[in-house]
Amino acid sequence: MTEMLKRVFVITVTNIMIGLDSFIAAEILVLYIKASLPLGPESLLLRGARLKNTKEIFGVAVYTGMETKMALNYKSKSQKRSAVEKSMNTFLIVYLIILISEAIISTILKYTWQAEEKWDEPWYNQKTEHQRNSSKILKFISDFLAFLVLYNFIIPISLYVTVEMQKFLGSFFIGWDLDLYHEESDQKAQVNTSDLNEELGQVEYVFTDKTGTLTENEMQFRECSINGVKYQEINGRLVSEGPTPDSSEGNLPYLSSFSRLNNLSHLATSSSFRTSPENETELIKEHDLFFKAVSLCHTVQISNVQTDGIGDGPWQSNLAPSQLEYYASSPDEKALVEAAARFGIVFIGSSEETMEVKTLGKLERYKLLHVLEFDSDRRRMSVIVQAPSGEKLLFVKGAESSILPECIGGEIEKTRIHVDEFALKGLRTLCMAYRQFTSKEYEEIDRRLFEARTALQQREEKLADVFQFIEKDLILLGATAVEDKLQDKVRETIEALRMAGIKVWVLTGDKHETAVSVSLSCGHFHRTMNILELINQKSDSECAEQLRQLARRITEDHVIQHGLVVDGTSLSLALREHEKLFMEVCRNCSAVLCCRMAPLQKAKVIRLIKISPEKPITLAVGDGANDVSMIQEAHVGIGIMGKEGRQAARNSDYAIARFKFLSKLLFVHGHFYYIRIATLVQYFFYKNVCFITPQFLYQFYCLFSQQTLYDSVYLTLYNICFTSLPILIYSLLEQHIDPHVLQNKPTLYRDISKNRQLSIKTFLYWTLLGFSHAFIFFFGSYFLIGKDTSLLGNGQMFGNWTFGTLVFTVMVITVTVKMALETHFWTWINHLVTWGSILFYFVFSLFYGGILWPFLGSQNMYFVFIQLLSSGSAWFAIILMVVTCLFLDIMKKVFDQQVHPTNIEKAQLTETNSSIKCLDSMCCFSEGETACASIGRMLERVIGRCSPTHVSRSWSAPDPFYTNDRSILTLSTMDSSTC
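Residues numbered from 1 in each chain as written. Predicted model: local features only at pLDDT ≥ 70, side-chain atom pairs only at ≥ 80, totals over all residues. Heavy atoms only, no water.

- The name given to the chain in an unreviewed UniProt entry is Phospholipid-transporting ATPase IF isoform X10, and the organism recorded there is Camelus bactrianus.

A word on the confidence of the model for the chain
Next up, step 1: Taken residue by residue, the chain gives an average pLDDT of 77. The fraction at 70 or more is 76%.
Next up, step 2: Low pLDDT, under 50, characterises residues 243-276; the predicted model gives this stretch 78 contacts beyond four residues in sequence or across chains.
Next up, step 3: In the predicted structure, residues 912-932 sits below a pLDDT of 50 and forms 57 contacts with residues beyond four places in sequence or in another chain. (pLDDT = per-residue confidence, 0-100. Contact = heavy atoms within 4.5 Å.)

Regarding the nonpolar core
Next up, step 1: L159, V681, Y710, F808 and M811 are the most contacted members of the largest nonpolar core, which totals 95 residues.
Next up, step 2: Here this core gets 19 residues from one element, more than from any other, and that element is helix α24 (residues 661-698).
Next up, step 3: Those residues in contact with F808, other than ones at most four positions away along the chain, are F691, Y710, Y714, Y718, F722 and Y841.
Next up, step 4: In terms of nonpolar packing, the next biggest core, distinct from the first, is built from 56 residues, L200, A591, F661 and L733 among them. (Core = buried A, V, L, I, M, F, W, Y, C linked by side-chain atoms within 4.5 Å. Buried < 20%, exposed > 50% of the residue type's maximum accessible area, 1.4 Å probe, protein only. Helix = DSSP H or I, 4+ residues; strand = E, 2+ residues; numbered from the N terminus.)

Digging into the pairing of strand β13 (residues 362-375)
Consecutive side chains along a regular strand alternate between the two faces of the sheet.
Next up, step 1: Where strand β12 (residues 354-359) lies against β13, 6 bridges are found, and the strand directions are antiparallel. Bridge pairing links K358 to L363 in β13.
Next up, step 2: Once β12 ends, the chain turns through 2 residues before running back antiparallel as β13, passing L360 with a positive phi of about 50 degrees.
Next up, step 3: From the end of β13 to the start of strand β14 (residues 380-386), which pair antiparallel, there are 4 residues, and R379 there has a positive phi angle of about 60 degrees. (Pairing = 2+ DSSP bridges.)

Quick look at the pairing of strand β4 (residues 203-208)
Next up, step 1: For β4, a buried count of 6 out of 6 residues is recorded, marking the element as mostly surrounded by other parts of the structure.
Next up, step 2: Judged from the 5 bridges that link them, β4 and strand β23 (residues 617-622) form a sheet pairing that is parallel. Counted as the bridge partner of T208 is V621 from β23.
Next up, step 3: The sheet contact formed by β4 and strand β19 (residues 503-507) spans 4 bridges and is parallel. Bridging from a neighbouring strand, V206 pairs with V504 of β19.

As structure tokens, this is what we get:
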């Protein structure tokens, strides 16, 4: 009795722990596991669990010979959990209630039944004296726990193992998808976590960075402003406003020298700048200082330094790759340094103490004194150098919002106007400034920097104070403007996301005008969209009033779509006191653009959306280290493998090479993953209800004696062998609709949003279906056998084990065929595991019951199955009950599809590519190959040795997103000779 109570306690605590993620229950469970308690067959997968400490994840399950992560893992609050997992936990609570209710009902009915003396102590089962004197309360508890053990199989513990296997194995399909492979960079999609596959089908908000995510992050220098004069690069020459690219050299007067150097023909000015020699000399000095600042204020590195002949004349672009190659963490810096080299001032290398530039053949060495690194708070970087003449100079480069307020000299207003003009063209802008130190000033700066950098406490704060002290009283030199082209098919992808009901927010650190221009060019904002602005707010009251005005405009304007532009300063004010009002405005906007954003602000915006009452699923896309915070904050993080390193890709859940791949990742992979796992979860609960309900009904006919209906081997193998493979293969390979249709019709994504396939309504349907099938199994078998009815030719009667085996046989066939009815995409693997599972059950039962196995202590099933199959009436009853169970389900599906079909069902009916007979990713092979060769190549792909060129494809229709569609998951009409 004590041993049984221990087993019941362990199983009960396990079930509660899985459903509620209770770490306390997990600790209790592990203590009992360490005590080597005997566990039930379903709890075998718990063995091997070891408690490392109270904060660590624990649990490893062995399931059909494979080690996989287990659902008993302790999850901290910071871990990401999918909506499917939350639904599973909710459903499990319902089934725990059902389990406890059945146990209570059975216990009460047992004592009610045994109130009569003839049933309490029948002549064939007399009680001992100890049993008569034992406590009734302990007996009641003991019987209740015994019923818990009897019915505990209704809790699908194996569901969690199967889900983990499905997520892990299913994640490989993303990496195998050749549509997500970028040939130019030789990058394929990467999956860093498999726990969020289904979340790709539930995204409601997409937050994306701009630079490197929507754009190529390949910067090209276009224009600049030097001392209030605007220039642009035309045919390798720096030309002031006015001349056109086809102007002849004779019509363009060029400056004759460049700050103490002669023969510089790269800087051209219009006739309006032909002034006196004194003014011309001053102008040359300004250009000299500006490009010196560009060439010295950076962190660029050089791979091959071959300086001979560089800078001795006009910079020839065809010489650059062979002689000098720059590397930089920021493409902006690389573009600016290359531009300065084209205009005569060439950065040729640096060491820890010096930086060298070459100006038309003259080498100049600047002593590098200090580097004030860039940070997101200051939004600028600086270098302090000592010129060859001994002057100590500070060169500063950064956003205009951080440079212009610190300037006390230079053409500030003209430069501000030029920066705005550059931004309206969609160019990225930076301002350049400098400051000259006296010897006394530099000594003070050097001392303060040393103290701050060697401080043991509050080092960051002290450095920030010193940087602010240094970077003030600046003289503005000018501004630069570089162009970053949009990636391919960004507009189409954003439009598809909008059609799918996904709201796209762009979070960027760029200037307001630049961000708006890019948003318009990439389709994030439409020309017909009513664009609202929340920018340049100075106080809480001003911000609140502006938000109220925007809210009124949204309600009063009869415009279908609104767009919102907000800058970082205004956002900080809005999030401080007016979160609800800000969220109200944002929810009514189709697109939101946040500019001048710091990395932490990006994460705060995502968190604000996550904790809103609707609790939407968020996805963040970024390519750089400054995007890591928002990628980790979102439910799903996507890293772009761009040109700013791999920090974003390494810290993300998924990594892709281009933004356009996001549509395939969400609309196809996300859709499939969600449908597969939703069906897997519902089916597991359904088949366990079918499994255990006859056990409950059987107690009414065995006087609630806790007699099991099924043999113990059948109890063990039901979820492990007989019904596990069909649903696992379904969850890996099912394609209920053609992938091309999913991608061409983004609106189908709306049909699976809000976790609709795991709603309470759907859950109740599957549960009631399981109960109805279980009643048919049990009472159909009961009425077949009846009282004193012989179904055998020799007149023998069916016994208890034969009755249970009949119920079990009908159940295995029904739940397997039910899975077949749910399958839309049939492959040879589906056929193998579906019909093979039924065949395996029959073959196993024949061997198990047809042979006296010497290692089994007792063999109740000997000759039972053979005797059952020898009855023609039993065969007829099996077929009749299976058809009866599934007939109503089939009629409901037909009725729903004909009367009120969903958009997905409509798309299924209109599919034309229905001639596929095999699994595209495994069975498609070139002419002349056999199926075995195809399977061998699939295995090579798994281990990474498959060449994409081996796959021969023939498409029936072009894909608007991918003209060369080579997805291993995509269905198309193929030549029968190759498939």
